[in-house]
Structures are given as structure tokens and as C-alpha cells.
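The lines below spell out each chain.
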Amino acid sequence: MTIQHDRSIGSDPTAPDGGSGGGGAGVGRRGFLGYVLAGSTLVVGADLSLGAPRAAAAIPSAPQIADLYDLEDLQTDSALATSQLITVTINPDSTANFQLPRMEVGQGIVTSTAMIIAEELGLPVSKVKVTLAPARPELVFNQLTGGSNSTFSTYTPIRVAAALARQQLMDAAAILFGTNADRLIATGGVVRDTLGNQATFGDLAVKAASSVVRAVEVQLRPESEFTVIGKPHNRTDARDAVTGEKKFAMDLDIPNALPTMVCRAPQHRGTPRGLRNRAEILRMPGVTHVAQVETGIAVRAQTFGQCIDAIRAMKVDWNPGPADGESDATILAELRRAELPLVVPKIPVGAKTVETDVVFAFRSSAALEPYCAVADVRPDSATVWAGLKVPILAQQNIALALGMSQDKVKVNVVMGGGSFGHKLFGDHAIEAAQVSRAMGVPVKLMWHRADEPRQGRLHPMCTSRVRATVAGGQVLTFEQRHTSVVTDFSHGLGEILTQTADELPTGLGGLGFSQSIFLLTQQLPYNFGLVTQLLNEVDDRFSTGSMRNIYSPDVAVAAELTVDKLAAAVGSDPVQFRLDFLKDERVRAALRTVAKHGKWGRRLPKGVAQGVAIHKEYKGCTAVLVELDCRPQTVKRDLGPETVTGPRVTKAVIAVDVGLVINPRGLEAQMQGGFMDGLALTLTSSCHLRDGRFLEASWDNYFYTRQWNVPPEVQVHIMESDSRTPGGAGEAAVGTSAAAVACAYARATGTTPSYLPINHGEISFRPKPFIPPVPQSPSNGLQRTN
């Protein structure tokens, strides 16, 4: 059995009051149209396309664009047209199957999706099997994982499909038992009547199946009857993850696919001219193939260790990268030349001007799992397995690279060990396909960890400048100018913008991809008079991407540092100042929560300070309070050779309001992970550019958050909400956390940070060699295990 749904005739579930949505005959407050699809078992789906509201024709001057129409709306609206292709299937064993058209990268959407289906079907979560859909070109824009949009955009389509499946099963049981469906009950995958008759979902699925596609009205389960949604639930894949049973790309057993790696250039985006000792490499132990591709010299061997040994022995002539000769200093100078002017309007005599200017270094978006992909390219077809957040685009790009039609390329989406924007791009999948074609055999490609910071996707270097004016205790103007190395949006969001340009809000017409994304994500939730936040980008020579939360962490840091300065300028407490000027009661409530539970204003030793920040985005908001220890005995403690030290956050209190919460336990984990990201962005993690080369290589010298600077106390408070739909949670804590730590640093040291992370000015490690590009393969691994 398979099922679909349609918002065109029902109420709009996103309306705050649950009122009537799009046109058509009413189906009631939770009414939708679904489709029972033709098949031998029950298959149902949902169609939300007909009632989608159009974007507003004009944007008032006071709210920002993202207050009225944001990135969540853009992604959700672009997915509506193919929502009827999202289907739930009931199996003969009374389980439910669902292929999720998004990628699981650790954020927990497989679990939350199973919970949504279980809620509507009345099945235990353990009987709902959620897998990842392969690339499905017919979904168009409905298979992109990013922008904290997965649950927001799929919540209603999945509910309707599952509710319709349940309704069809009940109707089939009513016919079987000779009674009315409203006299039946369904629990645990079994339908029963009052006379003791019963039938399993599996028994009924065939009876409920349809030989034709037909439209069916369906009612969603009232929120008051929820028993699964909103209750803490462990991840469905937790046991597999901790026991090693969870399958990532490198765990797949694809016939004849052997370990493969690529020798990469010393400079960022350098390219190979040629390998001088090919015959020698081919004679090395385990080596089966060597091939030159666009990105380097690929080698295939029996083990990854043998690949590493071969790479280290290669003698390669390289072309310089496009940023040859560039450094942090030269790129910063270029950014300064491109900065848009700050233009404060005419202000009354006696007004004060507050300014903030912060530089943010390049940062790597690498996840714990390096880029990995398996590819088997034949003369007339190609099959690829990889962690991909935009698999349709990857499929198109692979076909283009191989000179094949798209229908000849099959792309299978595999669970990923993190992403942080990295896997929005199909770089690894395309490279694996090119290597497989060049070698004529299947390959199991893995990037070395040293490759990631040097050749992988980066968060662009940028500056963020703010000028605000205040008089008579009121903020009159707030101008922010963000200047960045170009952010690459060729991963799918750019195409969505192109296709929907005529329906976007006034104010986005004629803007480029980056400027549009910037305006769709930035919301300054304060009443600060005339507010302008603008972006300018230059220099597309770097491999960049939409690192977690895109622009918001850097924008939030500069903005919230300025808010603290404004509070000082009017002699107000930082928390009280924010409460006085915030527009949104949801944000205000979150701020009060962290101030209360974090004991804002409590007495602390000299050199230890609290910091607080708020952020509003993706239909939700967060507030974060931290305590940061900047005392010399903490900053200068000895943690061993080549280990960065510095200030330590000793407490973090997070309050989050994302509307309807599917899985509180998963949301708590998201907040904790987002906090660790934000902490690293402000204190420790960055890439140093010297002569076109990035010095960092692997996690031992790319200083992401370590155990020593994880706060021993972390509180997560999930705010109650009357929203009937979920907001975005995946990135919600990143910008707020980075800003709260920056504000605490300024209060603890008396100095507003001007270059982040704060340790970027000091290189505390010995850079690994660039030739060979990878370190020696380990030979003593067993000695390091327990």
C-alpha cells in the first residue's frame, strides 16, 4: 500500500490559528487530500502543490525580508510541487517503509521521521523503517538537505501520507468485519472491532491496495492525541552507531571496489601536470591501478595503507593553484577594498556612535567522516554510493563529467558521518566516478584527513562591520556590512533561486545568489530604528561552501558584540537592554530563561565573565548564556605538545524555541552539537593561508572543540510553544553560541575581539609537509587501542 496528500482544499497547517488555507471545498481543520496509488499493496502519498500561497508582492520597510519570507519558505515552497511523490508503504509483515528524500548526517531526521509516521499510523516506532532515497530526478527541488529545512518541509506531507495509509487500512477492515470504520481501533499494527475480530496491517494492506490512482480525503490526528511526537525518543540507529553496525560509504561491500586515494597538490586547488614515476608506483605492494584525473593522481590498492605509501612515493609535477602567492593578509586587504560604506543618516546633536569591526578567518567545514564515495563506471552506465545532501544535482554533474545522459547514472545516498555543509557538494562522488572511468574498475575512494582543510570546502574569510547610533536611550540606526570571499551556492540553492525568481519578495529582484541567501536568512530581532544588513562578496578562487548556518554565525557575533556596546553606552545591563529592545516575545522568553537558569549577574572571579546572545532564524529562536574563564592559569595551562590552549567555557545554558518539537532528545543533542561548533568558531578553529597553501592538515592541528574546552556544565531548555508546525533546528545554536562566547571574552578581558578565532594570530603547531601531501600511514595502531 502507498499514499499521498494535498493541502489545496484543507486548512493551512502553517497558519498560526490553524485557519482556512488554500481554496476549494472545505475538508475541516485538519483536512487534506491524499492519493491512493496503484499497486499490489497499500501505497499512499500526499500532494501539497495546489494550495501553496504566493510570496507577498511587497515587503514593508520596517520588517526585514526574512521576517516575512525566509530561506525555510523558499525551500518548502520549491518542494511543494512534488510532495505527492513522497510515499509511505505498508508491508505484509505490518511494518511501514519510507524512503526519506533527505540525507541523514547525524542530525537525527531518520528517527524523527519514523516518529511522525508512527504517530499517524498508530504503529510502534520500531515498526517504521526509514531509509534514504536514491537520487530521484522527478523530485526536482524536493531532495535537498540543508538550511535546517528537512523536518519543516516534510512534516505535513509525511503526516498526510501516513494518516491516509491508516484510514485506508481501517476502511478495508470495516469491509472485512462488516462494520463501520469509526467502530474500529488500531494499535500496534492490528485493527480490532468490538466483537473480537482482528486483522494485521499486513493482512489489510493487500485489501486496501488500489488498481488505479484515486483522490481520498483524510483527517490528521489531533495534536491533543499525540503519544509519540513531542516525547523523548532514543535514536533508531543508536545501537548500530556505537557497535559499528551502521553502514557508511566505506563500509559498503561493493564487488571489486578496492581502496582508492588521490595525491593532491600542495597549493589550494592546484592541478597535476604529470606523474614522473608511474612504473615505480605500479610495482609497489598492493597497487593495482594509477590514473591522472583533474584533481590529482589517483591510486588503487588492496588497502588504504598501501594507497598512502604509494602517494608518499609519487613524484608529481604540479600546476599552481589560482590563489598562488596569496595569504591571509593579502585576502584581507582585498576584502577591505571591497567593503561597502557605512552611511549613518543625519542624527541629532549629542548622539553617540558605536562601531564594531571583526575579521573572521577561513575555516574548514570538514566532518569527522572524510569525503568518501564508491563508484562503478561502465562504458554505458555508472553507479555511485556516497553521502550526498543534493543527490539529484550530483547525478547531473556525474553524468556531465562522464559524458553520459542522466538516466544512465544511478546515485545511492548513504548515511553520512556529519556534513556541516560539506556534503551539499558532490565533489567526492564526481571524483570517484572520474577515477573509476579512468581506471576501468570499481573504486572505493576516500580522502585523507590531511586533504580536507587544504583542498576541501571552506567557510569563506570575511569581515563584518557594524555602526550604530544611540541618543536619549534609544537606538536610532543599526548598519551592518558583511564582506566575504565568494560563497559557492552551485549546490542547488542557486538553482532554486533561479527557478523561483519571479515569485520572490520585492527586494530580492536583481540580486545574486549570495545576496539573496543573505537577505533570506538575516533577522535582527531588535527595534533599532533604521536597520540595514548588506553583503558584498569578492574573489571566487577558493573552494567554499555553506558551512553550518552559512553567514549567520559571523553576522551574529559582530551584531551581538555591538549590542553589548550599545548597552554600555546607555548604562544598561546587557540582558535588560536586550529585553527592552527585542521585538519578539518568543526571543524575550528564551533570553529570560537563560538569564534565570544561568544566574546572570552572579559574582565571578576576575578574568571570568558571563556572556549572553540571542539569534532568530528559521522560524525559531535561541538564547545562550556562557561563563568563560580567561584567567592566565587557564589560558596558559600545559596540555602537551602542539595542542592549542586558551580560554575555557565552564558553563553553557541554552534556550531554544523551534515551534512544535518532534523529538526533544534529538533537539537537545542538536543544541549541544551546535554549541560546540559555535565555541570553536570563536575560540580555536581556523585555517591559515600562506603562499596559496592552507597550513592545517587533519584534526590534530585544525583545532575544533576539544574535550578540554567543552564546558563541564551544559543545560538545554526547550521552550514550550503553541506552534502547530516545527521550525528549523539543525543550525539554531551555532550563531548564538559563537556570539555569546565572543561577548563573554570581551567582558572578561575588557577587549572586544577583532580577529576570530581569537587564537588565529598564533600558529601553535608545526605544519605537516605539503610534498608528500599525506603523513606516513600508521604502523602502531594496535598499541593505541585498549
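These numbers were taken from a predicted model, which means no experiment stands behind them. (Residues numbered from 1 in each chain as written. Predicted model: local features only at pLDDT ≥ 70, side-chain atom pairs only at ≥ 80, totals over all residues. Heavy atoms only, no water.)

*Asks:* Can you help me understand the environment of Gly421 in this one?
*Replies:* In this fold, Gly421 is placed in the loop between β20 (409-413) and α11 (427-439). With a relative accessible area of 7%, Gly421 lands in the buried category. Setting aside its immediate chain neighbours within four residues, Gly421 contacts Lys389 and Ser546. (Helix = DSSP H or I, 4+ residues; strand = E, 2+ residues; numbered from the N terminus. Buried < 20%, exposed > 50% of the residue type's maximum accessible area, 1.4 Å probe, protein only. Contact = heavy atoms within 4.5 Å.)

*Asks:* I'm lost on the nonpolar core in this one. Help?
*Replies:* Within soluble globular proteins, side chains that are nonpolar tend to cluster in buried spots. By size, the foremost hydrophobic cluster in this structure holds 73 residues, and its most contacted members are Phe528, Leu566, Leu591, Val626 and Phe675. Among the elements that make up this core, the one with the highest residue count is helix α20 (residues 734-749) (10 residues). One finds Ile65, Ala291, Val377 and Val441 within the second-largest nonpolar core, a separate group that totals 53 residues. (Core = buried A, V, L, I, M, F, W, Y, C linked by side-chain atoms within 4.5 Å.)

*Asks:* Please explain the sheet that holds strand β9 (residues 198-200) as it appears in this structure.
*Replies:* Paired through their backbone hydrogen bonds, the strands of a sheet run either parallel or antiparallel. In space, the three strands of this open sheet follow the order β7-β8-β9, with antiparallel pairing throughout. This sheet does not close on itself; its edge strands, each paired only once, are β7 (185-187) and β9. Across the sheet, the mean angle separating the axes of adjacent strands is 20° when strand polarity is ignored. Pairing of β7 with strand β8 (residues 190-192) involves three bridges; the strand directions are antiparallel. Bridge assignment links Ile185 to a residue of β8, and that residue is Arg192. The strands touched by helix α5 (residues 201-208) within the sheet are β7, β8 and β9, with β9 carrying the most contacts at an inclination of about 80°. (Pairing = 2+ DSSP bridges. Axes fitted to C-alpha atoms, helices over the stretch in contact; angles between N-to-C directions.)

*Asks:* How should I be thinking about helix α17 (residues 585-597) in this particular structure?
*Replies:* Residue pairs spaced three or four apart in an α-helix point in one direction, given the helix's 3.6 residues per turn. Helix length check: α17, at 13 residues, gives a terminal C-alpha distance of 18 Å against a target of 18 Å (1.5 Å per residue), a fit within 8%. Listing the buried residues of α17 in full gives Val587, Arg588, Ala590, Leu591, Thr593, Val594 and Ala595. Close packing links the buried residues of α17 with α16 (574-581), β26 (608-617), β27 (620-629), β28 (648-657) and β31 (713-718). Between the side-chain oxygen of the N-cap and the backbone nitrogen of Arg586 there are 2.6 Å, and the N-cap of α17 in question is Asp584. Looking one or two residues past α17, Lys599 carries a phi angle of roughly 55°, positive in sign. (Expected span 1.5 Å × (residues − 1). Polar contact = N/O pair within 3.5 Å; in protein donor to acceptor, adjacent residues only side chain to side chain.)

*Asks:* I tried to follow the environment of Val218 on my own but got confused; where do I start?
*Replies:* Within the secondary structure, Val218 sits in strand β10 (residues 214-219). Of the residues examined, Val218 reaches a relative accessible area of 1% and is grouped as buried. C-alpha of Val218 to C-alpha of Gln168: the two residues are 50 residues apart in sequence and 9.4 Å apart in space.

*Asks:* Is there a simple way to think about the pattern of salt bridges in this case?
*Replies:* A side chain of one charge can pair with a side chain of the opposite charge if their charged atoms are brought near each other. Under the counting rule described, the total for this entry stands at 36 salt bridges. In this structure, Arg264 engages Asp451 in a salt bridge whose closest nitrogen and oxygen atoms are separated by 3.2 Å. One end of the pair, Arg264, is in the loop between β11 (258-263) and β12 (271-275); the other, Asp451, is in helix α12 (residues 451-455), with 187 residues separating them in the sequence. Of the two residues, Arg264 and Asp451, neither departs from the other in class, the shared state being buried. (Salt bridge = Lys/Arg side-chain N within 4 Å of Asp/Glu carboxyl O.)

*Asks:* How should unusual backbone geometry be read in this particular structure?
*Replies:* Peptide bonds are trans in most cases, and residues, glycine excluded, mostly fall at negative phi. The peptide bond linking Leu756 to Pro757 adopts the cis configuration, its omega dihedral lying at 5°. Tracing the chain through its elements places Pro757 in the segment after β32 (755-756). The omega torsion across Ile771 and Pro772 is -5°, close enough to zero to call that bond cis. Looking at where Pro772 falls in the secondary structure, it is placed in the segment after β32. Here Arg269, not a glycine, exhibits a phi torsion of approximately 65°, which is positive. Within the secondary structure, Arg269 is located in the loop between β11 and β12. For Arg269, a relative accessible area of 39% gives the class partly exposed.

*Asks:* Is there a simple way to explain the pairing of strand β6 (residues 128-132) in this structure?
*Replies:* Looking along a regular strand, one sees side chains alternate from face to face of the sheet. In β6, alternate side chains face the same way, and those of Val128, Val130 and Leu132 are buried while those of Lys129 and Thr131 on the opposite face are not. Here strand β5 (residues 96-100) pairs with β6 via five bridges, running parallel. Looking across to β6, one finds that Asn97 is bridged to Lys129. At this point the chain moves from β5, through helix α3 (residues 109-121), to the parallel β6, and the crossover so formed is right-handed. (Right-handed = clockwise from strand over helix to strand, strands pointing away.)

*Asks:* What is the right way to read the pairing of strand β23 (residues 462-471) from this model?
*Replies:* Burial within β23 is extensive, with eight of its 10 residues counted as buried. Looking at chain direction, β23 and strand β24 (residues 474-485) are connected through 10 bridges and run antiparallel. Within β24, the residue paired with Arg467 across the bridge is Glu479. The hairpin turn running from β23 into β24, its antiparallel successor, is two residues long, and Gly472 in that turn takes a positive phi close to 60°.

*Asks:* Got a minute to help me understand the side chain of Thr477 in this structure?
*Replies:* For Thr477, the location among the structural elements is in strand β24. Judged by its relative accessible area of 4%, Thr477 falls in the buried class. What Thr477 contacts, discounting residues up to four positions off in sequence, is Val344, Pro345, Arg467, Ala468, Thr469, Phe528 and Leu530.

*Asks:* Help me understand the sheet that holds β31, please; the structure alone is not making it clear to me.
*Replies:* Across the sheet, four strands lie side by side as β26-β27-β28-β31; this open sheet has mixed pairing. A strand with exactly one partner marks an edge of an open sheet, and here the two such strands are β26 and β31. Sheet twist, expressed as the mean angle between neighbouring strand axes with direction ignored, is 10°. Bridging between β28 and β31 involves six bridges; their strand directions are parallel. Each residue of the ladder has a partner; that of Ile654, found in β31, is Val716. On top of the sheet, α20 reaches β26, β27 and β28; it is set at about 150° to β26, its chief contact.

*Asks:* Would you mind showing me how to read the packing of aromatic side chains here?
*Replies:* Going through the model one piece at a time under the given rule, you end up with 14 aromatic pairs. Here Trp699 and Tyr702 contribute two aromatic rings whose centre-to-centre distance is 6.0 Å and whose plane-to-plane angle is 70°, an arrangement assigned as edge-to-face. Assessed through its relative accessible area of 22%, Trp699 is described here as partly exposed. Above the ring of Trp447, the side-chain terminus of Arg264 is found at 3.9 Å from the ring centroid. (Phe/Tyr/Trp six-rings, centres within 6.5 Å; stacked < 30°, edge-to-face > 60°. Lys NZ or Arg CZ within 6 Å of the ring centre and 35° of its normal.)

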